[in-house]
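Architecture at a glance
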There are 2 protein chains.
Amino acid sequence: MGPDSATAPCEPRGDADEVAARLRSAGLSPTRRRRQVLEAIEHRQRPVGAHELYVELARRGHGVGMSTVYRALSALAEAGLLHAFAGDGETRYRLCTAGRHYHLVCRRCGTVREYPADDDGAWLDRIAAEADFEPDPRKAEVQGVCGSCLRADRNGTDG
Amino acid sequence: MGPDSATAPCEPRGDADEVAARLRSAGLSPTRRRRQVLEAIEHRQRPVGAHELYVELARRGHGVGMSTVYRALSALAEAGLLHAFAGDGETRYRLCTAGRHYHLVCRRCGTVREYPADDDGAWLDRIAAEADFEPDPRKAEVQGVCGSCLRADRNGTDG
DNA sequence: GTTTTTGCAAATGATTTGCAGAGCT
DNA sequence: AGCTCTGCAAATCATTTGCAAAAAC
């Protein structure tokens, strides 16, 4: 099918099995493309768009079609393995871990950090109580500027 | 220009002046189209997309072009009068008031409520301190289910 | 009268879809 | 064999842009 399919029927080296297992427990069949997408995305700090990921996969020698990239990203996001960030015209995706957390998005460098939802006196629970609203911890985004960018700004301004 | 332009050079009745003033203080010239857009959007509970707004304006007898709607929405959002919600393929806009607040988005009915950012023990400030991150209160979104929808669900399930 | 805004139509860009072939069970 | 996944090309949908007429200051 793709240029890399000649390598082996499937490449079971490294933590490929772990990735496959993760797909399975999310309720998805661990197809080669989905594994490649998840492997390509999982160590990134900032959300990746479909086209950028397509290029990255090509660079890795995986000849994945554009529509397959879109389909894989949607499937992974719907299964809860990725979080989708809309804005700037395209949707970008980032790994989303299991625990209760929300997302700190740096508008300067684009990095997204997961912040544990309970390290702050259960803020989300207070919303539930005080605002008559049941928040979904993993669907909360806070935009701002991360510490590194703040300090970079200051240095740029001062000196 | 439009079918309504024959009515009067400008329609200074009601709180049209107030809307114009709001545009001015946001740094925008209060053109007829911008006023019409702001008037059409400001009492809505849930964010409105460009096309929906276009239809609404047509219904009100304002023959506004599609690109003007887009331009007006972008201008108002950039000026801070509206908040833009991306997702589901299109960008939707909602009035955004002056105070420190974040947005509670009901995934069931789509309603967005502004929640004062200080009613919760300055949660955002704690993030700033604990997470090395400078949050922008007005760019924070929490998704979840609002009280009305929760109760509607329960009623639907029980009886 | 000059500058800004608007409308239209065409262009762009992201994403989806139809469909036939490939891959896995 | 049967069902899902994939790739390609075409279709779709939201949004942007070029440009000339219209409106505002």
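For every chain, the first residue of its written sequence is number 1, and the numbers climb from 1 along that sequence. In the order they appear in the text, chains get letters beginning with A and ligands get numbers beginning with 1. Two thresholds apply to this predicted model, a pLDDT of at least 70 for residue-level local features and 80 or more for giving and counting side-chain atom pairs, whereas whole-chain, interface and lining totals are computed over all residues. Hydrogens and water molecules were not included; the side-chain quantities draw on all heavy atoms of the structure.

Moving on, we come to the interface of chain A and chain B. Here, residues are in contact when the closest pair of their heavy atoms is within 4.5 Å. Contacts between the two partners involve 35 residues from chain A, matched on the other side by 35 residues from chain B. Note on definitions: buried area is the accessible-area loss of two parts on being combined, 1.4 Å probe, summed for both. Three residues, W123(A), D132(A) and F133(A), lead the burial of chain A against chain B; their summed loss comes to 22% of the area buried on that side. By convention in these notes, a salt bridge is any Lys or Arg side-chain nitrogen within 4 Å of a carboxyl oxygen on Asp or Glu. If you look at where chain A meets chain B, you find four salt bridges. A salt bridge links R107(A) to D136(B); its shortest N-O distance comes to 3.2 Å. Put simply, DSSP H or I for four residues or longer makes a helix, DSSP E for two residues or longer makes a strand, and each gets a number counted from the N terminus. Looking at the side of chain A that touches chain B, the elements with two or more residues in it are β4 (101-106), β5 (112-116), α5 (123-131), β6 (133-146) and α6 (147-158) of chain A. When residues of the side of chain A that touches chain B are assigned to their parent elements, the largest contribution, twelve residues, is made by β6(A). Its residues assigned to classes, the side of chain A that touches chain B shows 17 nonpolar, six polar and twelve charged. Gly is placed with the polar residues, together with every amino acid not listed as nonpolar (Ala, Val, Leu, Ile, Met, Phe, Trp, Tyr, Cys and Pro) or charged (Asp, Glu, Lys and Arg).

Turning our eyes to something else, we now look at the nonpolar core. Taken as a class, soluble globular proteins show a tendency for nonpolar side chains to be buried jointly. Side-chain atoms within 4.5 Å link the members of a nonpolar core, which is a set of buried Ala, Val, Leu, Ile, Met, Phe, Trp, Tyr and Cys residues. When a residue's accessible area, from a 1.4 Å probe over protein chains only, is under 20% of the maximum for its type it is buried; when over 50% it is exposed; and in between it is partly exposed. One finds Y102(A), L104(A), W123(A), V142(A), Y102(B), L104(B) and W123(B) to be the most contacted residues of the largest nonpolar core, which totals 31 residues. For this core, the elements supplying multiple residues, two or more each, are β4, α5 and β6 of chain A together with β4 (101-106), α5 (123-131), β6 (133-146) and α6 (147-158) of chain B.

Another aspect to go through is the domain arrangement of chain A. Residues and elements named next belong to chain A. Domain boundaries in chain A define domain 1 (16-95) and domain 2 (101-155). All the domain ranges listed were derived from an automatic or database domain assignment. Distance between the C-alpha centres of domain 1 and domain 2: 23 Å. Taken together, the nine residues of domain 1 in the interface contact eleven residues of domain 2. A combined buried area of about 710 Å² lies between domain 1 and domain 2, and 48% of that area is made up of carbon and sulfur atoms. The largest contributions to the domain 1 side of the interface with domain 2 come from R46, H83 and F85, which together make up 56% of the buried area. In this structure, E114 and R94 form a salt bridge, with 3.6 Å as the shortest nitrogen-oxygen distance. As used in this structure description, the phrase polar contact means that two N or O atoms lie within 3.5 Å; if the pair is within protein, one of them must be able to donate a hydrogen and the other to accept it, and residues adjacent in sequence are counted only when both atoms belong to side chains. On inspection of domain 1 and its partner domain 2, the count reaches six residue pairs in polar contact (both at pLDDT 80 or more). Elements that contribute at least two residues to the side of domain 1 that touches domain 2 include exactly β2 (82-85) and β3 (92-95). A per-element tally of the side of domain 1 that touches domain 2 places β2 first, with three residues. Grouping the amino acids of the side of domain 1 that touches domain 2 by side-chain chemistry returns four nonpolar, three polar and two charged.

Contacts to DNA strand C come from 19 residues, most closely from T91(A), R33(B), R34(B), T68(B) and R71(B). One of the side-chain nitrogen or oxygen atoms of Y70(A) is found 2.9 Å away from a phosphate oxygen of DNA strand C. Between DNA strand C and S29(B), the relevant distance is 3.0 Å, taken from a phosphate oxygen to a side-chain nitrogen or oxygen of the residue. Elements supplying a minimum of two residues to the surface near DNA strand C: α4 (66-78) of chain A together with α2 (32-41) and α4 (66-78) of chain B. Residue composition of the surface near DNA strand C, by class: five nonpolar, nine polar and five charged. One heavy atom within 4 Å of a molecule or strand makes the whole residue count as near it.

Time to look at the side chain of H62(B). Summarising the element assignment, H62(B) is placed in the loop between α3 (50-59) and α4. For H62(B), the side chain forms a polar contact with the side chain of Q36(B), separated by 3.2 Å.

In this section: the pairing of β6(A). Strands qualify as paired when DSSP identifies two bridges or more between them. One ladder, built from four bridges, connects β4(A) with β6(A); its direction is parallel. For C106(A), the partnering residue across the bridge sits in β6(A) and is G144(A).

A residue counts toward the fit only if its pLDDT is at least 70 in both copies, and the copies are then superposed by least squares on the C-alpha atoms of those residues. Superposing chain A onto chain B takes a rotation of 180 degrees combined with a translation of 0.0 Å along the rotation axis, leaving an RMSD of 0.1 Å. Accordingly, the operation relating the two chain copies is best matched by a two-fold axis. Most of the interface of chain A is mirrored in chain B: 100% of its interface residues are interface residues there too.

With that settled, the discussion passes to the protein's contact with DNA strand D. Taken together, 18 residues sit near DNA strand D, with R33(A), R34(A), T68(A), R71(A) and T91(B) positioned nearest. Within 4 Å of the protein, atoms of DNA strand D come from sugar and phosphate in 68% of cases. R33(A) has a polar side-chain atom sitting 2.7 Å from a phosphate oxygen of DNA strand D. Of all elements in the fold, only α2 (32-41) and α4 of chain A together with α4 of chain B reach the threshold of two or more residues within the surface near DNA strand D.

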